[in-house]
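# A structural walkthrough
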Amino acid sequence: MTAAVSSVSAKEVQKQVTANVASALQGRTPGVEILQRGGIAGAEVNIVVRGAGSFGATAPLYVIDGAIADGLDALNPSDIESIEILKDGSAAAIYGSRAANGVIMITTKKGKMGQETKVTLNTSIALNEVSKYVDLLSADDFRTLVNNTGTDTQKALLGTANTDWQKEIYQLAPTTNTTLGISGNLKSVPYRLSVGHNYADGILKTDKFQRGTAKLSLTPAFFNKSLRAEFNISGSYIKNRFADPGAIGAAIEYDPTQPVFNGSQYGGYHTWLTSG
C-alpha cells in the first residue's frame, strides 16, 4: 500500500479509559483532529481526517471488520485489535467517494485456530476533574465591591454566605470499563464472545453515560484452510443523561453571597424571584 496511514494498536487504545473509542485516538494520530464537547460523558466526538472533502461533511468513513458503520459510539474499546486510518485520496480507490474525508478501519479481536479456551476479565477506571476554574471574585470581595459602589437596593440584596458556585456544579467523575471475554475453538471453529459494560460520569453534576455491549465472532476455515470466513454478531445498549451546560455560565454569574439552599419552592435551592 502506498498511502498515508496511521496505525493504532489495541494496547494504545486501552491505555486511556474513555467512554468513546474516538477519544482514545487523541494525541496518537498525527494529522487527525479529535473534537469532543468538553467533559460531557458519552457526548459525540467529531473526527476530522482530511478536512472538508465534500460539501457540508467532514466525518470520515467508518469500517468495522469490513462492514461500514455509522460511528464508533456502540463499540467497546476492549474489543479492538487494531485501528488503521487512511488519510489520502488513495482510499477512494477502495471505497469510492464515501472515502473523501478519510477512512477509519477497525479490526476487532477474534478467536484463533487451535487456541485453547481462554477467559479474560479486564477492568479499568479513571477519574476526571476540572483542572482550572474561572477566576472570580470571592464572596467577601463581591460584598466589598457592592458596598463601595452599589445602590442601597443592591446592598440590601447581599447575603451572608460564601458560596463558590463553580465547585457546587462540578464533581470528581469516574469512568469505568469492564469486559469479560471468552475465546477458543468450538468443533474446530475459532470463536470469541465478549460482554462489556461502560459507565461514565461527566464533570458537570447529573451528567451520566452507560453502555452495555455483547459481541460474538466466528472465524471458520474451509477447504484445508484455503478459505476463511468471518461471522460477527454484536449488540449494544446506550443510556445517556446530559446535564444542562447552561449551569456553567450561571455558576460564573450567580451571586456568591447567597447559600445553595434557602428552602424555596424550587427543590429548596436558592432562587431569585421578582414580583409583578
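All values derive from a computational prediction rather than experimental measurement. (Residues numbered from 1 in each chain as written. Predicted model: local features only at pLDDT ≥ 70, side-chain atom pairs only at ≥ 80, totals over all residues. Heavy atoms only, no water.)

### Details of the sheet that holds strand 4 (residues 61-64)
Taken together, five strands build an open sheet; the order of strands is 1-6-7-4-5 and the sheet is mixed. Of all the strands in the sheet, the pair left with one neighbour each is strand 1 (5-9) and strand 5 (67-69). Each strand of the sheet is rotated relative to its neighbour by a mean of 25 degrees, with strand direction disregarded. Alignment of strand 1 against strand 6 (residues 80-86), held across five bridges, turns out to be antiparallel. Residue pairing for strand 6: Ser9 is matched across the bridge by Ser82. (Pairing = 2+ DSSP bridges. Helix = DSSP H or I, 4+ residues; strand = E, 2+ residues; numbered from the N terminus. Axes fitted to C-alpha atoms, helices over the stretch in contact; angles between N-to-C directions.)

### A word on the sheet that holds strand 14 (residues 231-241)
Taken together, the five strands give an open sheet; going across it, the order is 8-9-10-11-14, and neighbouring strands pair in antiparallel fashion. Each having just a single partner strand, strand 8 (118-128) and strand 14 make up the two edges of the open sheet. Averaged over all neighbouring strand pairs, the angle between strand axes comes to 5 degrees, with direction disregarded. Pairing analysis gives 11 bridges linking strand 11 (residues 208-218) to strand 14, with the strands arranged antiparallel.

### Quick word on the nonpolar core
Ranked by internal contacts, the top residues of the largest apolar core, which has 20 residues, are Ile47, Leu72, Ile83 and Ile106. Taken together, the elements giving at least two residues each to this core come down to strand 3 (45-48), strand 4, strand 6 and strand 7 (103-108). When residues in this core are grouped by element, the largest group, three residues, is from strand 6. Ile106 has contacts with Val63, Ile64, Asp65, Leu72, Leu75, Ile80, Ser82 and Ile83, leaving out every residue within four places of it along the chain. Counting 10 residues, the second largest nonpolar core, distinct from the first, contains Trp165, Ala173, Ile203 and Leu204. (Core = buried A, V, L, I, M, F, W, Y, C linked by side-chain atoms within 4.5 Å. Buried < 20%, exposed > 50% of the residue type's maximum accessible area, 1.4 Å probe, protein only. Contact = heavy atoms within 4.5 Å.)

### Examining the packing of aromatic side chains
With the rule as written, the count across this model stands at three aromatic pairs. Both rings, one in Trp165 and one in Tyr254, keep their centres 5.1 Å apart while their planes meet at 85 degrees; by these two values the pair is edge-to-face. Taken together, the residues span a long stretch of sequence, with Trp165 in helix 5 (residues 165-169) and Tyr254 in the segment after helix 6 (246-253) at a distance of 89 residues. Residue classification places Tyr254 among the partly exposed positions, given a relative accessible area of 24%. (Phe/Tyr/Trp six-rings, centres within 6.5 Å; stacked < 30°, edge-to-face > 60°.)

### Looking at unusual backbone geometry
Positive phi, normally seen in glycine, also occurs at Ser188, with a value near 70 degrees. Mapped onto the secondary structure, Ser188 falls in the loop between strand 9 (173-186) and strand 10 (189-201). According to the relative accessible area criterion, Ser188 is exposed, its value standing at 56%. Positioned with a positive phi, Thr206 is a non-glycine residue whose angle comes to about 75 degrees. Take Thr206: it is sitting in the loop between strand 10 and strand 11. Exposure remark for Thr206: the relative accessible area of 39% places this residue in the partly exposed category.

### Looking at the pairing of strand 6
Of all seven residues making up strand 6, five are buried, and the element is well covered by its neighbours. Of the strand pairs in this sheet, strand 6 and strand 7 are connected by six bridges, and their pairing is antiparallel. Residue pairing in the sheet places Ser82 in a bridge with Thr107 of strand 7.

### Details of the environment of Lys167
Considering the arrangement of structural elements, one finds Lys167 in helix 5. Given a relative accessible area of 51%, Lys167 falls into the exposed group. For the pair Lys167 and Val130, spaced 37 residues apart in sequence, the C-alpha separation works out to 9.3 Å.

### Thoughts on the pattern of salt bridges
Close approach of charged atoms allows side chains of opposite charge to pair. Summed over the entire model, instances satisfying the criterion amount to seven salt bridges. Note that Asp65 and Lys110 form a salt bridge whose closest N and O atoms lie 2.9 Å from each other. Note that Asp65 is positioned in the loop between strand 4 and strand 5 and Lys110 in the loop between strand 7 and strand 8, a separation of 45 residues in sequence. Of the residues examined, Lys110 reaches a relative accessible area of 16% and is grouped as buried. One continuous salt-bridge network, built from bridges that share partners, spans Asp65, Lys110, Lys215, Arg228 and Glu230. (Salt bridge = Lys/Arg side-chain N within 4 Å of Asp/Glu carboxyl O.)

### What about the environment of Leu127?
Tracing the backbone through its elements, the reader meets Leu127 in strand 8. With relative accessibility at 54%, the residue Leu127 sits in the exposed group. For Leu127 and Ala200, which are 73 residues apart along the polypeptide, the C-alpha to C-alpha distance reads 9.4 Å. Setting aside residues up to four positions removed in sequence, Leu127 forms contacts with Leu172, Ala173 and Pro174.

### Some remarks on helix 3 (residues 139-149)
Taken together, the buried positions of helix 3 are Ala139, Arg143 and Val146. Projected down its long axis, helix 3 shows its buried positions confined to an angular sector of 70 degrees, all on one face. Exposed residues on helix 3 whose side chains face more than 90 degrees from its buried face are Asn148 and Thr149. Taken together, the buried residues of helix 3 touch helix 4 (152-156). (Arc of directions from axis to C-beta.)

Note that all results are geometric; they support no functional claim without further evidence.
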